[in-house]
Amino acid sequence: MFKNYLKIAFRNLQKQKFYAFINILGLSIGIAAGLMIVVYIADELSYDRFHAKADHIYRVTVKTQISGQVSHIATSCTPFAPTAVEEFPEVEEGLRLAFEQDIIVSKEDKSFIEKSVLLADSNFFSVFSFKLLQGSHVTALKDPNKVVLTESMARKYFGNSGVDSSLLGKSLRVGDTDCVVTGIVVDPPSNSHFDFDLILSMKTLEHMNDEWTSNNYYTYLVLNPEANWKDLEGKFSALIEKYVGPEIEQYLGVSLHSFKEQGGDYGFFLQPLTDIHLNSKLDDEIGVNGDINYLYIFGIIAIFMVVIACINFMNLSTARSANRAKEVGIRKVAGATRSGLINQFLTESMLLSFISTVLALGLIYLLLPSFNTIANKEISLSLLFDSRFLAVLTCFIIFIGLLAGSYPSLYLTSFKPAQVLKGKLRVGFKSSVIRSSLVVFQFSISIGLIVSTLVVFKQLNMMQTRNLGFNKENVLIIDNAFWLGKNLQAFQNELENYNGIVEVSNSSSVPPNLDNNTVFKALGKNQQDQLLQWYRADQDHLAALDIKLQAGRYFSDDFPSDSSAIILNEAAMKSIGWKNHENQRLITFNRSPEGDVLNVIGVVKDYHFESLKSRIRPMAIVLGGGNLISVRMTPGNFQQKVELIEAKWKQFVPEIPFAFSFLDENLERLYRSERGLLKIFITFTSLAIFIACLGLLGLATFAAEQRSKEISIRKVLGASAVHVMMLMSKDFTKLVLVSFVLAIPLAYLFISKWLEEFAYKVDIGIVSFLTGGLIALLIAWLTVSYQSIKVAVANPVDSLRTE
């Protein structure tokens, strides 16, 4: 019986080649798009799950509140891990990590700048399941000055033959420390929330700040399987009382109780390892995390893509029902049961689903590299042959076949044989409210996606073009300035002699990496403590970045007392409650336990030193320098200027590689996920519209066939070609307009929810909705125009001669 079903199904596909082509093409694209999104979601959900202890590893975070300012950071203090292991039986292991960027690593005549150097306690390989190729997971990081290289780093410094033979005991200079190689580890997989090039033993550090209020390390705890992490989290208040309270009293001059009464708070929290990538939006994250909300968005898009493709099959199957009505009638008269006919039509839909899925796999094979580029992923083509993927794919084929074939099979088998065989059954484009509703659903989704894409583009464009309060263009950032030592000022002076260089400045930070905060106490009556972002900069910093001064003055060589001066931004002045900076002073405990009194000498206008997702926070600048040099250049000839600067760098420190970046590019990296979202929206919106238009083309073709005699009579009676074209387009235009009305509230709710993530956002406005509706209407007109013109210019005699 099944063989007979298949034979009839193939015959029908051959008989209706045009409609079969539309169905298969639409389903193939829909399934391919849906499967790629499913693969993307699966990859995002897999982060950190390759660790054997993943379900029992938790990261310690710190949340503070001072004067209404809340800070929640991913780092914690040095003593937390060993103390937790000692005082809480639920904790089996504690691990501390620290990350250093742009570290000089050298071996003999080879010298490179490595972007990610990890410092870790000796139990790193016990907590995390990174595979060691050489060395012992117990002793590799046990002693000072020991280093474990990733496989790619081993090849980089020791060649391909080095990985195949033992590298243990080899020497490598990391920064200014001579280290011994004690292990080779497989490169971290792409689905890890942190990456590294090499791992230094934590004991390599000569000094570790053991204060409980100094949070510079990423701390991970391994709990025993029976432990409840929420219950353990509740016990951390004892650590606050015992260890944090005395430091708050020492530095702020108030007891922990008084600190809380004044609105302050301090707490340690736990974060499941497998939640970090998608659910963590803390300050001082190791890297750029994903967003669980984007997975919901992409999941909905995947469902919509498949549903739109299935709707095409449903609509075309039911619209062409008249062509198969007699077949159904004859089969019923010959004794066929309704269940048998349903099985026949479901077999046809399953066959279409299978063929479409096979073609979809081909599309995925061809397009996955491009998709990886758009989504910033490293999804392997080997996934297509994974047994779990194939199992899901089989279920997918069955699901699509049932979804697409259920309504047509029930509809077609409901015909009564007597009416069909007497020719009393009349079906067509206008005969089905359900069919029109499905078209409306398709275009509602398409219009919603168009509007969403337009607003995402507007938001991203606003973030890239908004006045940040400083000039990000033409600024080169040089790293590793501390290697210049006493020659720093001489190097800066040499650069300023070039005609193409406007200003040179040294600082500890530049936007968007102002990630250091500390507590300042405003001196005066009833003044509360203030949590301020802060960094060090020299006298030329404002000129180099073109930051505007709002009041007072900036640091100057003419005022030796500026070593005890401080500059605030407008947000800091507002937070403290000062209207005037004159005669105002702050005290900070950052540089000494006794505290340093700093005189406020000026106020800079607020500028965005973080992503536009965040409001401008209170910030301070103190006189000093750091590891970064900002070079403002004149526009044009950047390559030539960079080469000149690099040549000068090599004159001063020839053994140190020249590392640089451009300020505007660093800022643009903040919105990498939003750019990826926009590309994905554009891609899948285009595909959704294309699939919907395929269905519309099929319906327009069928409508033209059904109404050919009606239109011929109208033309004989004097109807013009334009009138006929308008007549053919009228029904579809109504459906698109209804779709537009339904799409407005849904698109508005979605976009409003997405924009809540941004402190600074565009106005959605009516223009985006009107533009989206107009685009959909134009596309629909263009889709049906071919058939409309074909019918309008046809000779009516060809259609009426059979009457």
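Residues numbered from 1 in each chain as written. Predicted model: local features only at pLDDT ≥ 70, side-chain atom pairs only at ≥ 80, totals over all residues. Heavy atoms only, no water.

**Section: the overall build of the chain**
This is how the line gets drawn: Helix numbering and strand numbering both begin at the N terminus, where a helix is a DSSP run of H or I of at least 4 residues and a strand a DSSP run of E of at least 2. Burial classification: accessible surface area is computed with a 1.4 Å probe over protein chains only, and a residue below 20% of its type maximum counts as buried, one above 50% as exposed, and the rest as partly exposed. Only heavy atoms enter the contact rule, under which two residues are in contact if any of them lie within 4.5 Å. Surface exposure here means Shrake-Rupley accessible area, sampled with a 1.4 Å probe, where a residue is shielded only by the protein chains that are shown.
A tally of regular secondary structure across the chain gives 26 helices and 25 strands. When burial is assessed residue by residue, the chain has 53% of its 803 residues classed as buried. The long-range fraction of contacts in the chain, counting pairs at least 24 apart against all pairs at least 6 apart in sequence, stands at 79%. Of the roughly 36,600 Å² that the chain leaves accessible, carbon and sulfur atoms contribute 56%.

**Considerations on helix α5 (residues 151–158)**
In plain terms, the rule: Throughout, the arc means that of the directions going from the helix axis to the C-beta atoms.
Inspection of α5 places M153, A154, Y157 and F158 among the buried residues, and these make up the whole buried set. Within α5, the buried residues cover an arc of 105 degrees as seen down the axis, which keeps them to one side. Just downstream of α5 lies G159, where phi reads positive at about 85 degrees.

**What to know about the packing of aromatic side chains**
Two descriptors summarise a pair of aromatic rings, namely the distance from one centre to the other and the angle between the planes of the rings. Applicable threshold: Any pair of Phe, Tyr and Trp rings, taking the six-membered ring for Trp, is counted once the centres come within 6.5 Å. Such a pair is stacked with planes under 30 degrees apart, edge-to-face with planes over 60 apart, and tilted for the rest. By definition here, charges over rings are those cases where NZ of Lys or CZ of Arg is within 6 Å of the ring centre and within 35 degrees of the ring normal.
Tallying each qualifying case throughout the model produces 41 aromatic pairs. Ring geometry for Y554 and F555: centres 4.8 Å apart, planes at 50 degrees, overall tilted. Assessed through its relative accessible area of 4%, F555 is described here as buried. Over the aromatic face of F112 sits the side chain of K156, whose NZ or CZ is 4.4 Å from the ring centroid.

**Quick notes on the nonpolar core**
Under the convention used in this document: The nonpolar core is taken to be a set of buried Ala, Val, Leu, Ile, Met, Phe, Trp, Tyr and Cys residues, with the residues joined through side-chain atoms within 4.5 Å.
Grouped together as the largest cluster of nonpolar side chains are 116 residues, with contacts concentrated most on F298, I301, Y607 and I621. Ignoring any residue separated from it by four or fewer positions in sequence, one finds Y607 in contact with L468, G469, F470, P511, L514, Y535, I547, I616, M619 and I621. Judged by nonpolar contacts, the second largest core, of 28 residues, contains I66, I248, L252 and V254.

**Here we look at unusual backbone geometry**
Residue P512 is bonded to the preceding P511 through a cis peptide linkage, with omega at 5 degrees. Secondary-structure assignment places P512 in the loop between β16 (501–507) and β17 (517–522). In this structure, N145 takes a positive phi of about 60 degrees despite not being glycine. Looking at the secondary structure, you find N145 in the loop between β8 (132–134) and β9 (146–150). Residue N583 is not a glycine yet carries a positive backbone phi of 65 degrees. The exposed category is assigned to N583, whose relative accessible area is 78%.

**Concerning empty space enclosed by the protein**
The test is simple: Points on a 1 Å grid, built from protein atoms alone, make a cavity when a 1.4 Å probe fits but cannot get out and make a pocket when they are open with protein on both sides within 12 Å along at least 5 of 7 lines; residues with an atom within 4 Å of a point are the lining residues. Grid points are joined across faces, edges and corners, and a volume is the space filled by probe spheres set on the points. Polar here means any residue outside two lists: the nonpolar Ala, Val, Leu, Ile, Met, Phe, Trp, Tyr, Cys and Pro, and the charged Asp, Glu, Lys and Arg; Gly therefore counts as polar.
All told, the structure shown has 5 cavities of 30 Å³ or more when counted by the stated rule. There is about 70 Å³ of room inside the largest cavity. What lines the largest cavity is M463, Q464, L468, K472, H608, E610, L667, E668, L670 and Y671. The set of elements that each furnish at least two residues to the lining of the largest cavity consists of α16 (433–465) and α21 (663–668). Here the second largest cavity is characterised by a volume of approximately 60 Å³. Around the second largest cavity sit I66, S67, F259, Q262, G263, G264, Q528 and D529, which together line it. For the lining of the second largest cavity, a count of residues per class yields 2 nonpolar, 5 polar and 1 charged.

**Re the pattern of salt bridges**
Worth spelling out the cut-off: Take a side-chain nitrogen of Lys or Arg and a carboxyl oxygen of Asp or Glu: if they are within 4 Å of each other, that pair is a salt bridge.
Counted under the stated rule, the structure contains 20 salt bridges. Residue D283 pairs with R617 through a salt bridge whose shortest N-O separation is 3.2 Å. With D283 in the loop between α10 (276–279) and α11 (292–319) and R617 in the loop between β22 (596–604) and β23 (619–623), this pair connects stretches of sequence that are 334 residues apart. The partly exposed category is assigned to D283, whose relative accessible area is 24%. Salt-bridge contacts for D546 lead to K548; the nearest nitrogen and oxygen are separated by 2.9 Å. Given the relative accessible area of 30%, D546 is considered partly exposed. Salt bridges linked by common partners bring D43, E44 and K377 together as one network.

Function cannot be read off these values alone, since they describe shape.
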